[in-house]
Amino acid sequence: MSLDDNHYSVVLASAKVIQCILSCDIIQNYFDLSKKTAINMKDTHTAPIFRSKPEIDVGFLHGGFWKYSAKPSNILLHGDDTMEDETGGKHTIQDDIVVAGQDFAAGLVRMGILPRIRYLLEIEPTAPLEECMVSVLVAIARHSPMGANAIMKCQRLVQTIVHRFTANSSTEVYPAKVKSVCLLKVLAQSDRKNCVEFIENGIFQAMTCQLYSLEQWLKLGRENCKLSSALMVEQLRFWKVCIQYGYCVSYFSTVFPALSLWLNPPVIEKLVENNVLSEFASISEEAYLILESLARTLPNFYSHKILSDSIPERADDNVETWSWIHVGPMVDLAVKWISVKSVLIDSHDGIMGNSVLQDKSSSPLLWVYSAVMHMLSRVLEKVIPEDAMDLQEGGGHVPWLPDFVPKVGLEIIRNGFLSFTRVNSAEYGTNLAAGSSFIEQLCSLRKQSEFETSFASLCCLHGFFKVCIYINNLIQLTKTMVYNPSQERCLSHEENILAKGILVESLFELRCVFDIFSKLVASEWHFVQSIEIFGRGGPAPGVGFGWGASGGGFWLKIVLLAQTDAWLLSQLLEIFQIIFTGVLSLDEQRTFTREIILSALGLCLIAGPRDKVVVEKALDVMLQVPVLKYLSLCIQRFIQDKGSIKSYGWEYKEEDYMHVSEILASHFRNRWLSNKRKLKGSSVDRTSRDSVPLETIPEDLDTSKMSQDHNCTSLMSEWAHQRLPLPMHWFLSPVSTLCASKHAGLGKASDIQNILQDPGHIVEVSRAGMFFLLGLEAWSTFLPTDVVSPIQSVPVSGNCIHYPSYYSLEWPFSKMRRLGTFMSLCKSYMDNILTRKGLREDVKLLQICLPYGAVSFGDLTYGRQVAVYLHRCVEAPVRLAAWNALSNSRVLELLPPLQKCLGEAEGYLEPVEENEAILEAYLKSWVSGALDKATTRGSVAFTLALHHLSSFVFISNKSDKLLLRNKLVKSLLRDYARKKNHEGMMLRFIGYTKPSNVPIQRSDVEERLERLREACD
């Protein structure tokens, strides 16, 4: 309502409040940094979300699908231009309040903010108000697909934005013009159809018409240079979005003359003198990112089209491809930046020079080098043959390489990017000395600098290592650079390094870089895991930055930095898989394998919704055959060290390891990396008033087919309908999944009756999962004391409570001696864990007790799982809550006998219970009749109540517990007097001895009767 006020000051103040609530500027800064990385094409929608509840068929493991806090179909457009009929009274103010309470931005759209913004833009607002209004539109467009769709469907809104941009002088730049281009870019990212519409209607051409020559640009003055560079960056990003969809590639020939000014290395003194180094570098960076996007559209260099005489620049379906004709000159420009590195970086006035070392201006040129490296890596990637793997395995080669491949490699070697001598690992990355390699300098900046410089150096490292990987692979695929002793005399020092392998020759430095980033990731996954809460975004859901989470939650810059660290570490793991084969000794390989497992586990806990590739690479590393063999060795060594666990007399064969790898890879990808599909028939247009009242958010979505259509038609990824970041206990899923793993957690709500709907598949997944889990548990015991692994950070109760799902699978193994022995090992190992460690409190897992009676029907597996909570090593609050839940549900008799419970019987019986609340709970169940059937069925529940009550009354002699003992005795005798059917229970209470003890003597009985009499006096 305040936006409708007649007073300008009220409207402006209201607009600024909305802009602040939506955290427009903070979110914009986050996305500006994100786009600089060039690692991932996609941005992420900002709508608040929450996790779906854990379900029984996946063992109550947290980490369910994310869901929107406000159902997207409840975002209704307001105004007579978006509806034909407003009758029926279906829309109420209360509905608006409910939606706004769930998601503030969605509530604004529902309450009709878009027509109001359009009206304010049409009446020629002042520059501050226009900037606020466009900022709010950008925030709504980033919010969700429905938010962007609402803007596109609001009549005349986009046209008004374009008109405001083009109506003013083409040379005048103000903040609202920059944000207007940003808005159209975000709308184009949201949906390919929007991008096509902007191109066909001439909107793209109108919004990207300003490019300045260097001389004109410098004459604009410091402030105008800043605004003009911001506008040019947004225009280039808009063009980049079109290129990523496959459009506007042919514009390159037209734009290149103006673009070339920004692609050449500058005279740094002139830029520093005019104080515009940062502005110039931002345009240069974006220009190279344009080239990187163009390189993505290149066909493979060795494909049939490239070898033919005609090279088409436009492919079918109006999707354009860049031509290799343009690539050579662009690579030459990029190589210039490499060759002048010593001038721009190492000189007195450069990044590493003393004059600006402490200045924040050290990051602009690093961002340019990052963009240059990513552009080169994308070009080199397109040179690698499509059948490169077959060529390597078969000893084949490529007939020739384009000249720029060795040229780039030699420039990297000559300009000191890498060190090819042994380095001091203890001091590596601790100084910025001129004699150190560029990579070491970047590592030092990553660890020691302020945020943006640290982030820029990290992205530069990422692009550089991609370049090195591709050059190394290409050189090894050609015979022209094959190294042999006769050629050594003919080649220069740099050429020898290139021929032998740029990665192999810099092995010592690469290992130091790996150590640095493995430690960084190990310190960062704790922070990412601590952010998540299982609720609707905290105290203020949907109010802008971080969905109300403290400090910004997943939208913190430190999280972006951690996820980029994870990308780089995954790349280093890829490098070591290439070069370490046959290089390290057996002991060194085992030590390094231990380290890469730790790193891979950390990667899985950091990756966000855009980082599925990181998780996939981590899984590939952990599930490769050499790592599985190493885990098998860890199990055997653990067994040897723990004499209480009997050994097993078999070994996996090579094909067994390969089978385990395939099974687990399929399970983890289906379980954690699959997206959830929307309900069938839900594609109805919800942007009109003629809709049903507010809809709830369904827990069950149709996932019969995993759709990737949205990924093909949008450059935005959603938090909703996926599971990342993974929970800390993700590796437990193979042993906790009771339904078919292909559909675990993807179908309807829990249905324990369908546990064995695919028993063959469950057996395979469970067997492989138990081996993997035992291996990780054993591996974690051999880590140094100062290293904390994710395995050790998962509560032991989390591990133990999921192991029993295995015992339902023993029936297929009973005829297979080898597998039967393996299951025996699993049980022994689990018993050992229960004996040596106590279970930590985890009240959420007690949900497993609540549906026990309704769905278990006395199932032995489920009963074992529930009975674990009654073990004496479980903390008292958990034991009490579990007992009360089972007693109140009258399902104590369904628990298995003590002999069939998990762990040794002694662990349930000793020490004697002295907790007053638990003893009174046993007594309450006794006198209420909840234990009557448990008595005849031999349930562990009656055994526990009998043992602890009898032992406390007759054996325990603590004087401070005398009143409690008398109270228990009086209640038991009163119950016996009233209920004759409890006579047998009372006799067993008086004559009880532990199973391992000799039968009770007559004198002992008389002594116990005397104690009962004393208690009644």
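Keep in mind that what you see is a predicted model, and the values were worked out from it rather than measured.

Cut-offs applied
- Residues numbered from 1 in each chain as written.
- Predicted model: local features only at pLDDT ≥ 70, side-chain atom pairs only at ≥ 80, totals over all residues.
- Heavy atoms only, no water.
- pLDDT = per-residue confidence, 0-100.
- Helix = DSSP H or I, 4+ residues; strand = E, 2+ residues; numbered from the N terminus.
- Contact = heavy atoms within 4.5 Å.
- Expected span 1.5 Å × (residues − 1).
- Buried < 20%, exposed > 50% of the residue type's maximum accessible area, 1.4 Å probe, protein only.
- Salt bridge = Lys/Arg side-chain N within 4 Å of Asp/Glu carboxyl O.
- Phe/Tyr/Trp six-rings, centres within 6.5 Å; stacked < 30°, edge-to-face > 60°.
- Core = buried A, V, L, I, M, F, W, Y, C linked by side-chain atoms within 4.5 Å.
- Axes fitted to C-alpha atoms, helices over the stretch in contact; angles between N-to-C directions.
- Parallel < 35°, antiparallel > 145°, perpendicular 65-115°, else oblique.
- Left-handed = near helix turned anticlockwise from the far one by under 90°.
- Nonpolar A, V, L, I, M, F, W, Y, C, P; charged D, E, K, R; others polar.
- Polar contact = N/O pair within 3.5 Å; in protein donor to acceptor, adjacent residues only side chain to side chain.
- Arc of directions from axis to C-beta.

Here we look at the confidence of the model for the chain
Consideration 1: With 74% of its residues at a pLDDT of 70 or more, the chain has an overall mean of 78.
Consideration 2: Least confident of the elements in the chain is helix α39 (residues 810-813), whose mean pLDDT is 35; most confident is helix α9 (residues 175-190), at 95.
Consideration 3: Low confidence marks residues 697-711, where pLDDT is under 50. Its contacts with residues over four positions away, or in another chain, come to 44 contacts.
Consideration 4: A low-confidence stretch, residues 800-821 stays under pLDDT 50, and its non-local contacts, those more than four residues away or across chains, total 62 contacts.

Brief notes about α9
Consideration 1: Here α9 contains 16 residues, and its C-alpha end-to-end distance of 23 Å stays within 8% of the 22 Å for a straight helix at 1.5 Å per residue.
Consideration 2: Most of α9 is tucked away, with 15 of its 16 residues classed as buried.

Details of the pattern of salt bridges
Consideration 1: This model, assessed by the stated rule, comprises 33 salt bridges.
Consideration 2: Lys35 is the partner of Asp43 in a salt bridge, and the nearest nitrogen-oxygen pair spans 3.9 Å. The pair Asp43 / Lys35 is uniform in exposure class, with both members buried.
Consideration 3: We note a salt bridge from Arg872 to Glu913, for which the minimum N-O separation is 3.5 Å. Taken together, the positions of Arg872 in the loop between α42 (860-867) and α43 (876-888) and Glu913 in the loop between α44 (906-909) and α45 (916-928) put the pair 41 residues apart, joining distant regions of the chain. In this pair, the class of Arg872 matches that of Glu913, namely buried.
Consideration 4: Each of the salt bridges in this network shares a partner with another, and the network as a whole consists of Asp32, Lys185, Glu234, Arg237, Lys240 and Glu286.

Overview of the environment of Val615
Consideration 1: Here Val615 lies in helix α31 (residues 612-622).
Consideration 2: A relative accessible area of 2% means that Val615 is categorised as buried.
Consideration 3: Taking the C-alpha atoms as reference, Val615 lies 9.3 Å from Leu726; in sequence the two are 111 residues apart.
Consideration 4: When residues no more than four places from it in sequence are discounted, the contact partners of Val615 are Cys604, Ala607, Leu673, Leu724 and Leu726.

Points about the packing of aromatic side chains
We describe a pair of aromatic rings using the distance from one ring centre to the other and the angle between the two ring planes.
Consideration 1: In total, this model carries 36 aromatic pairs according to the counting rule given.
Consideration 2: Pairing Phe204 with Phe238 gives two aromatic rings, centres 5.2 Å apart and planes at 80 degrees, and the pair type is edge-to-face. You can see Phe204 sitting in helix α11 (residues 203-207) and its partner Phe238 sitting in helix α13 (residues 222-245), a full 34 residues away along the chain. Both residues of the pair, Phe204 and Phe238, count as buried.

Concerning unusual backbone geometry
Consideration 1: With an omega of -5 degrees, the peptide bond between Leu724 and Pro725 qualifies as cis.
Consideration 2: One can find Pro725 in the loop between β4 (716-717) and α35 (733-736).
Consideration 3: Going from Glu910 to Pro911, the amide bond is cis rather than trans, its omega being -5 degrees.
Consideration 4: Positive phi, normally seen in glycine, also occurs at Ala38, with a value near 60 degrees.
Consideration 5: Within the secondary structure, Ala38 is located in the loop between α2 (24-36) and β1 (43-44).

What about the environment of Val627?
Consideration 1: Topologically, Val627 is positioned in helix α32 (residues 625-641).
Consideration 2: By relative accessible area, which is 2% here, Val627 ends up buried.
Consideration 3: Each C-alpha atom of the pair Val627 and Arg594 lies 8.6 Å from the other, and the pair is 33 residues apart in sequence.
Consideration 4: Apart from the residues within four sequence positions on either side, Val627 is in contact with Thr593, Ile596, Ile597, Val621 and Met622.

Details of the nonpolar core
Considering soluble globular proteins, one finds that nonpolar side chains tend to be buried as a cluster.
Consideration 1: With 249 residues, the main nonpolar core has Phe517 and Trp730 as its most contacted residues.
Consideration 2: Here this core takes 15 residues from helix α24 (residues 451-476), the largest share from any one element.
Consideration 3: When residues no more than four places from it in sequence are discounted, the contact partners of Trp730 are Leu601, Cys604, Leu605, Leu619, Met622, Phe668 and Trp672.
Consideration 4: Residues Leu898, Ala921, Ala930 and Leu949 belong to the second largest nonpolar core, which totals 49 residues.

Focus on the packing of helix α28 (residues 507-531) against helix α30 (residues 586-606)
Think of two packed helices as two axes; the pair is described by the angle between the axes and how far apart they sit.
Consideration 1: Put simply, α28 and α30 touch, their axes get as near as 9 Å, and they point 40 degrees apart. Between α28 and α30, the angle falls in the class oblique. Of the two possible hands of crossing, α28 and α30 adopt the one that is left-handed. Residue-level inspection shows Arg511, Phe514, Asp515, Ser518, Val521, Glu524, Trp525, Val528 and Gln529 of α28 in contact with α30, the latter providing Phe592, Glu595, Ile596, Ser599, Gly602, Leu603, Leu605 and Ile606.
Consideration 2: A breakdown of the residues in the contact of α28 with α30 according to their chemical character gives nine nonpolar, four polar and four charged.

Examining the packing of α24 against helix α26 (residues 493-500)
Consideration 1: The N-to-C vectors of α24 and α26 enclose an angle of 85 degrees; their axes lie 8 Å apart at closest approach. Relative to α26, the element α24 lies roughly perpendicular. Side by side, α24 and α26 meet where Ile471, Ile475 and Gln476 of the first sit next to Leu498, Ala499 and Lys500 of the second.
Consideration 2: A class-by-class count of the residues in the contact of α24 with α26 yields four nonpolar, one polar and one charged.

Side note on the side chain of Glu524
Consideration 1: Relative to the helices and strands, Glu524 resides in helix α28.
Consideration 2: Of the residues examined, Glu524 reaches a relative accessible area of 10% and is grouped as buried.
Consideration 3: Those residues in contact with Glu524 that lie beyond four places of it in its chain are Arg446, Ala562, Asp565 and Ile606.

Considering the side chain of His45
Consideration 1: As for its position among the elements, His45 is in the loop between β1 and β2 (49-51).
Consideration 2: Polar contacts involving the side chain of His45 include one to the main-chain carbonyl oxygen of Arg142, which spans 3.1 Å.
Consideration 3: Setting aside anything within four residues of it in sequence, one finds His45 in contact with Ala141, Arg142, His143, Ser144, Pro145, Ser190, Trp555, Met716, Ser717, Glu718 and Trp719.

A closer look at helix α14 (residues 252-263)
Consideration 1: An ideal rise of 1.5 Å per residue puts 16 Å on 12 residues; α14 reaches only 13 Å between its terminal C-alpha atoms.
Consideration 2: Along α14, the residues that are buried comprise Phe252, Val255, Leu259, Ser260, Trp262 and Leu263. Looking down the long axis of α14, one finds its buried residues gathered within 155 degrees of arc, a one-sided arrangement. Opposite the buried face of α14, by more than 90 degrees, sit the exposed residues Thr254 and Pro257.

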